[in-house]
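Listed here are the chains, written in short residue letters.
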2 protein chains.
Amino acid sequence: MSVILNPTATPLYSSSFSSFLNHSNFNTRSQNVSSPAKSLGVCKCVAAPQESQTGYRTNVSRNANMAKLQAGYLFPEVARRRSALLLKYPDSKVISLGIGDTTEPIPEVITSAMATKVNSLATIEGYSGYGAYEGEKPLRRAIASTFYTDLGIEEDDIFVSDGSKCDISRLQVVFGSNVTMAVQDPSYPAYVDSSVIMGQTGQYLKDAQKYGSIEYMWCSPENGFFPDLSSASRTDIIFFCSPNNPTGAVATREQLSQLVQFAKNNGSIVVYDSAYAMYISDDSPRSIFEIPGAKEVALETASSSKYAGFTGVRLGWTVVPKQLLFSDGFPVAKDFSRIISTCFNGASNISQAGGLACLSPEGLKAMKEVIGFYKENANIIVETFESLGFKVYGGKNAPYAWVHFPGRGSWDVFNEILEKAPVVTTPGSGFGPGGEDFIRVSAFGHRENILEACRRLKELYS
Amino acid sequence: MSVILNPTATPLYSSSFSSFLNHSNFNTRSQNVSSPAKSLGVCKCVAAPQESQTGYRTNVSRNANMAKLQAGYLFPEVARRRSALLLKYPDSKVISLGIGDTTEPIPEVITSAMATKVNSLATIEGYSGYGAYEGEKPLRRAIASTFYTDLGIEEDDIFVSDGSKCDISRLQVVFGSNVTMAVQDPSYPAYVDSSVIMGQTGQYLKDAQKYGSIEYMWCSPENGFFPDLSSASRTDIIFFCSPNNPTGAVATREQLSQLVQFAKNNGSIVVYDSAYAMYISDDSPRSIFEIPGAKEVALETASSSKYAGFTGVRLGWTVVPKQLLFSDGFPVAKDFSRIISTCFNGASNISQAGGLACLSPEGLKAMKEVIGFYKENANIIVETFESLGFKVYGGKNAPYAWVHFPGRGSWDVFNEILEKAPVVTTPGSGFGPGGEDFIRVSAFGHRENILEACRRLKELYS
C-alpha cells in the first residue's frame, strides 16, 4: 500500500480533507462503525502554508510557547492519519479503538432528566440563565456524597465543569509559568502540552523526545507502572493518573500513600486525575482523598465522560480541598474559584441536570452497567492479544489495554494495524517516550466492532 | 439602614452566605424575582482567612499574576453585596438589573430541537461522543451563512465554543504573556482580568484605578464613546466591543474603519466582541468583517447567550480568519485551533443542536422577538431615567442603559439604589475608571419587574 503515514511528516492542512469528509461513501451506520467526523474530530483546515507566506502580517509576535509544541495534539494527529487512509481507500471499514470515545447510548434515566430540563427552559417557571460558576448546589452536594463520603470533602470543595481536560488547563492558568512539573511517562498528553503552552518548560529535545524542565517519571512493566520516587526530582506540581491513561495500571493504597508522603516531603501539589475511577474492580483507592493527609497536598479532577457516555454532553468536576495552600498560606481553591468566574461561565445547565440524574440510585446502576459492558470489551481485547503471544497490561481496572511490541516503534505498529487490519489504535509514544514499543487499545466500541477488530488482529498477527 | 456595603471592604468569604442561600424565605417564584443563587451565582465559600493561616502549607509559590488581581471578579462581588443585603433583610424584594442575565424562556422551536437531540443520545443510532473540537460542521456552516454572508468568512474560520468569555481567555492563552493590550475604558472586565492573569500587565495602580502596561482608551459622552485613536499608544492587541458593554454605544461604519486602519498602521490585532450585534437597530455594522481589510487585523467573538437565552445553556463562537497572521506569517487560527483541541473538548452537543435550531428561519424569528422584548425593556428604563432628569446613554442598540450621575461615586450610587429601591444595578467603575459616575442598568428582566423597578426608581429619585 502506498498510503503515506510517515510520523515525522508535516500535518496535512488541506481542504481536501473536508471535502472527503463530506463526500465519503463510507457507510457508517450499516457497519456500525463511526465516521471520522464524529468520533475523532474533523480535520481542521486552517490556512495552508503557502497562504501564510503571502498576505499582510500583523506586528504581533507569535507566542514562543505555542511554537515549542510538537506537531498537533495527539488525537487530531491520529485522526488525520485515519483520514489519509480513508481518502485513499474510501471503502475501508476502519474500526476505531483509538481515542477513548464512548459509543454506547446514554441510559434513558439520564437523558430523560436532561429532556425534562430542556423542556422546562421553554417555560417561565423553569427557565434559568447564568448558574453559579462552580456548579449547581444539588449537583455539588450529590458529587460530594456519592464519591467522597467520609473522606472529609465538602460540597464547597467541588467545582463542576465542562470536563477534566478543560479543568487541567484552567489549573495550569492558576499555577502560571513559574512552577515545575512532573508527569508519569507515559501519560495523557494534555498535561505536558498545557504545561508547554503555559511556559513552564524548556524546548523540545528531539533525541530524548522530551521537553526540557519537565520531570518524566518512567512507568513500565519493570516498576509495576509506579514511578521510582526515590530517584524523582522535586517539582512543584505532580500530575498523576490512576487508573492510568494510557497504561491501564491502577495504583495501590500503599503506592498512593508513598506518593502523598513524597509530595508532603517536597511541598508539592499532586493533580490527581481520577477520570477512570469507576472502572476499578479491586480495592485500590478510587480517590486520592482516601489517603490520609492527601487534602493538604492534592486536588483531584474527575469526569462523567467515561461513566455516562458524556464525552459529547460535557461534564466533569474538580475537587480542590480548602486545606490545600500555597506557600504563602493562600488557598489554591480561592485562586481556582477566581479563574472559574473570570475565564468560564459554568457547565451547561442541561449537562448538569444529566449529571444529577447520573447520581440517583437508578442512574448509578445504569452507569455501572455501561461500565461493565466496556470492561467486558476490555477483557475480549486483552484475551485476543494474549492469545497471540503479546504481553498485555491494563484492561482490568481501566478501559484501555496496553500492548507491548518490544523493539518496534509504536508509530510503526500503529501504521501497520491501521493499514492492514484496518483498526485505529493509539501509538504509545504519543503519550511520551516511555510509551515507545506499546500501543494503547481502547475498549470503547460496540460489541460487534470489538469482536470484528479482534478477528482482524488475529488474522494479522497469528 | 446599617447594611455594610463599603466598596473597599474585604470581600466576605463566610459560610453564612451559603446557609443563607439554603434557608432564605425569600420567595422567588411568587414575586417572579430570581433568587441570588440562580441569577447572580452562588457566593463562593472557600477557606476563611483564619483557616489559611494555620494548616500545612505546600512549597508551591502562588502565581504572582493571580495576586495582582483586585478583589473578586465584578459580578460575584455585586452578588455578594446583594446577598449581604438579603442576609440582613431577608424579606427584601430585590429586583436584579445587574449582571446581564436573560430571564425569558427559550423559544420552543429551539428547546424542542435540543430535546430531540437529548432523546436521540439514548439510542444506538443517535448517540454521539466526542465531536469535532471546533464544532459541528452544519452549525459552523449555518453561522457563516447567517452572520457573515458576503463577508468572505468561511465555515472553517468559525470556532464554536461554550461562550464568548471562555473564548476570550483561550485567546489570551494563545497570545501569551509577552503582548501588550488596549481596552476601551470602561469595558467588560473579563478583558482586563484575563490580561492580568496571563501576566501581560503591571501591578494595579490604586490611585489611577488601572493596571500598569494596559492602554485604557477613554470612552465617554465627550467623544461619543469612541476612543481618540490619535492619542492612543500602539499595542499588540486591542479589545473592542460594539454594541458596547457597558455603555450601550454602537460604533459606526466610519469609526470601525478608523479602528481597522489604526490596527493596520500599527500591526495590531483587534479582538472584536460582537456579543450584542443582534440588538443593533440602525445600520451600524453587525460584524467587524463588514469593514474592508478587517480579516487581516481582526478576529471576532460572539455568543448565543443574549439572543436565545443561552446564558445557562452555553454556546458561542469565535471567527478567526485564515488571513490573520502573526509577524512571522504563522496563522493565528492555527494556534487557536491547537488551544481548542488541547484545552477544550468542544461545546456540548446538546447546546450545538440548540444553536443550529436558532439559525433556522423559525429560530431566527423567535430570537428576534425575544430581542425585541428586551429592547422594549431598555426603552422603558431609558425613559424612566430621562423623565427623572438623568442623562442616559445606550439602550437603543444594546440591552444596557448607561446612566450618568455626575460627581457621585458609582459604588455609592449602586449602594443607594440597592439599599433604597432595592434594585441591583452594576457600578460603572467596575468596568474601569472611565465608568466612574455611571451605573449600568440591564434590560434583561420580566416586564413586571422592569416596571416595578422603574416605579421604585421614580420614587427614589423624583
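Structure: above.
Every value quoted in this text rests on a predicted model; they were computed, and no experiment measured them. (Residues numbered from 1 in each chain as written. Chains lettered and ligands numbered in written order. Predicted model: local features only at pLDDT ≥ 70, side-chain atom pairs only at ≥ 80, totals over all residues. Heavy atoms only, no water.)

(A) Inspection of the interface of chain B and chain A at higher detail. With 125 residues of chain B at the interface, the matching set in chain A holds 125 residues. For the pair chain B and chain A, the two sides together bury roughly 10,000 Å², of which 58% comes from carbon and sulfur. If you sort the residues of chain B by the area they bury against chain A, B:Tyr56, B:Tyr127 and B:Tyr130 come out on top, with a joint share of 9%. Where chain B meets chain A, there are 4 salt bridges. With a shortest N-O distance of 2.7 Å, B:Asp335 and A:Arg62 are connected by a salt bridge. In terms of residue count, the dominant contributor to the side of chain B that touches chain A is helix α13 (residues 332–343) of chain B (9 residues). (Contact = heavy atoms within 4.5 Å. Buried area = accessible area lost by both parts, 1.4 Å probe. Salt bridge = Lys/Arg side-chain N within 4 Å of Asp/Glu carboxyl O. Helix = DSSP H or I, 4+ residues; strand = E, 2+ residues; numbered from the N terminus.)

(B) Quick look at the packing of aromatic side chains. Counted under the stated rule, the structure contains 50 aromatic pairs over all chains. Residues A:Phe390 and A:Tyr461 carry aromatic rings whose centres are separated by 5.3 Å and whose planes lie at 80° to one another, so their mutual orientation is edge-to-face. In this pair, A:Phe390 is assigned in the loop between α15 (361–387) and β11 (392–394) and A:Tyr461 in helix α17 (residues 447–461), connecting sequence segments 71 residues apart. With a relative accessible area of 18%, A:Phe390 lands in the buried category. Looking at A:Tyr461, the relative accessible area reads 18%, which means it is buried. Three or more aromatic residues link up through ring pairs in this structure, and these residues are A:Phe75, A:Phe225, A:Tyr393, A:Trp402, A:Phe431 and A:Phe438. In this structure, B:Arg440 packs its charged tip against the face of B:Tyr400, placed 4.0 Å from the ring centre. (Phe/Tyr/Trp six-rings, centres within 6.5 Å; stacked < 30°, edge-to-face > 60°. Buried < 20%, exposed > 50% of the residue type's maximum accessible area, 1.4 Å probe, protein only. Lys NZ or Arg CZ within 6 Å of the ring centre and 35° of its normal.)

(C) Representation of the side chain of B:Ser442 within the structure. All names here are of chain B. Tracing the backbone through its elements, the reader meets Ser442 in strand β15 (residues 438–442). Classification of Ser442 as buried rests on a relative accessible area of 1%. Among the polar contacts made by the side chain of Ser442, one reaches the main-chain amide nitrogen of Phe444 at a distance of 3.1 Å. Discounting chain neighbours no more than four positions away, the residues touching Ser442 are Leu97, Gly98, Ile99, Gly100, Ile381, Pro399 and Tyr400. (Polar contact = N/O pair within 3.5 Å; in protein donor to acceptor, adjacent residues only side chain to side chain.)

(D) A look at the nonpolar core. Membership of the largest hydrophobic core comes to 122 residues, with the highest contact counts inside it found for A:Tyr148, A:Ile288, B:Tyr148 and B:Ile288. Apart from the residues lying within four places of it in its own chain, the contact partners of B:Tyr148 are B:Ile143, B:Ile153, B:Ile158, B:Ser287, B:Phe289, B:Glu300, B:Ala302, B:Trp317 and B:Val319. Counting residues in each nonpolar core, the second largest holds 120 residues, with A:Leu74, A:Phe159, B:Val174 and B:Val271 among its members. (Core = buried A, V, L, I, M, F, W, Y, C linked by side-chain atoms within 4.5 Å.)

(E) Examining the side chain of B:Thr425 more closely. Checked against the element boundaries, B:Thr425 lands in the loop between β13 (423–424) and β14 (426–427). Every residue in contact with B:Thr425, bar those within four places of it in the chain, is listed here: B:Val78, B:Leu97, B:Gly98, B:Phe414, B:Ile417, B:Ile439, B:Arg440 and B:Val441.

(F) Focus on the sheet that holds strand β9 (residues 298–303) of chain A. Residues and elements named next belong to chain A. Read from one edge to the other, the open sheet built from 7 strands follows the order β2-β10-β9-β8-β7-β3-β6, with strand pairing classed as mixed. Whereas interior strands pair on both sides, the edge strands pair on one side only; in this sheet they are β2 (158–161) and β6 (214–218). Direction aside, neighbouring strands of the sheet carry axes that sit 20° apart on average. Two strands pair when backbone bridges link them, and strand β3 (residues 181–185) and strand β7 (residues 237–241) are joined in this way by 3 bridges, in the parallel orientation. Paired with Met181 across the bridge in β7 is Ile237. Of the strands in this sheet, β7 and β8 (269–273) touch helix α11 (residues 253–266), which is tilted by about 170° from β7. On top of the sheet, helix α13 (residues 332–343) reaches β2, β8, β9 and β10 (316–319); it is set at about 25° to β2, its chief contact. (Pairing = 2+ DSSP bridges. Axes fitted to C-alpha atoms, helices over the stretch in contact; angles between N-to-C directions.)

(G) Expanded view of the relation of the copies chain B and chain A. Mapping chain B onto chain A is achieved by rotating through 180° and translating by 0.0 Å along the same axis, at an RMSD of 0.0 Å. What the superposition gives is, in effect, a two-fold axis relating one chain to the other. Residues of chain B ranked by C-alpha distance from the rotation axis are headed by B:Ala115, positioned 2.6 Å from it. The overlap is high: 100% of the interface residues of chain B also sit at the interface in chain A, so the same surface is used on both sides. (Least-squares fit on C-alpha atoms with pLDDT ≥ 70 in both.)

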